[in-house]
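Descriptive structure summary
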Amino acid sequence: QQPLESVNDATMKKESAEEMMRTLREKSVAEETARRIEQRLQEVKSEAAAERQRHVEEKTRLEKEKREALESLNDARRTAESEQQRHGQETTRLVSEKRAAEEKARRIEQRLRDVESQNEAERQRHAEEKTKLEKEKTEAEE
């Protein structure tokens, strides 16, 4: 009886030891798997953080470009408005100068007509005077 129990005990102890070794191996494999998963998780977290950083930098860069573009647009708008105002003032000045020149030309034309009229009146008077003097001369010669 005792040797049978002893064999049974030894068999049970052997099976128990094998079970324990299997469990230890499984635990070791599970721990290694967990370690690799944790390592990959840290890599993914690091990649995600780097990606977020790139997105923040890209957003900042785009916001700066947008701000610069808007400033450039506003500068162009102000320049255009200033140019438009300057051209408006220049146009007003030129129109005023044109009117003044036209008025001066009208006054000159009027003076010219007056002078021509006076010259014609003088010629007429001279012609009449000449005719009168020639008549007097002719009468005096007779």
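Right above here is the structure, for reference.
Only a predicted model underlies this, so the values are computations on that prediction, with no experimental measurement involved. (Residues numbered from 1 in each chain as written. Predicted model: local features only at pLDDT ≥ 70, side-chain atom pairs only at ≥ 80, totals over all residues. Heavy atoms only, no water.)

The next point concerns the overall build of the protein. Helix and strand counts for the protein stand at one helix and zero strands. For the protein, the C-alpha atoms occupy an extent of roughly 205 × 15 × 15 Å along the three principal directions. Per element, the accessible surface of the protein, about 13300 Å² overall, is 53% carbon and sulfur. Of note, the protein has its 33 positive side-chain charges centred 3 Å away from the centre of its 37 negative side-chain charges. (Helix = DSSP H or I, 4+ residues; strand = E, 2+ residues; numbered from the N terminus. Areas by Shrake-Rupley, 256 points an atom, 1.4 Å probe, with all protein chains shown as cover. Lys, Arg positive; Asp, Glu negative; His and termini not counted. Charge placed at Lys NZ, Arg CZ, Asp CG, Glu CD.)

The subject of this paragraph is the environment of Ala127. With respect to the helices and strands, the residue Ala127 is situated in helix α1 (residues 2–141). The class for Ala127 is partly exposed, based on a relative accessible area of 40%. Between the C-alpha atoms of Ala127 and Glu51, which are 76 residues apart in sequence, the distance is 110 Å. (Buried < 20%, exposed > 50% of the residue type's maximum accessible area, 1.4 Å probe, protein only.)

Now for a negative patch on the surface. Taken together, Glu129, Glu136, Glu139, Glu141 and Glu142 make up a surface patch of like negative charges. Examined against the element boundaries, Glu141 turns out to sit in helix α1. (Patch = residues over 30% accessible without salt bridge, like charges linked within 9 Å, V, L, I, M, F, W, Y side chains within 5 Å. Salt bridge = Lys/Arg side-chain N within 4 Å of Asp/Glu carboxyl O.)

Quick look at a nonpolar patch on the surface now. Residues Met20, Met21 and Leu24 make up a contiguous nonpolar surface patch of about 310 Å² in total accessible area. Positionally, Leu24 belongs in helix α1. The class for Leu24 is partly exposed, based on a relative accessible area of 47%.

A separate point is the pattern of salt bridges. With the rule as written, the count across this model stands at 20 salt bridges. Salt-bridge contacts for Glu103 lead to Arg107; the nearest nitrogen and oxygen are separated by 3.9 Å. With Glu103 and Arg107 both in helix α1 and four residues apart, this pair spans about one turn of that helix. Residue classification places Arg107 among the partly exposed positions, given a relative accessible area of 46%. One salt-bridge network, held together by shared partners, links Glu32, Arg35 and Arg36.

Take the environment of Glu103 next. Owing to a relative accessible area of 33%, Glu103 belongs among the partly exposed residues under this scheme. Taking the C-alpha atoms as reference points, Glu103 and Glu129, separated by 26 residues in sequence, lie 38 Å from one another.

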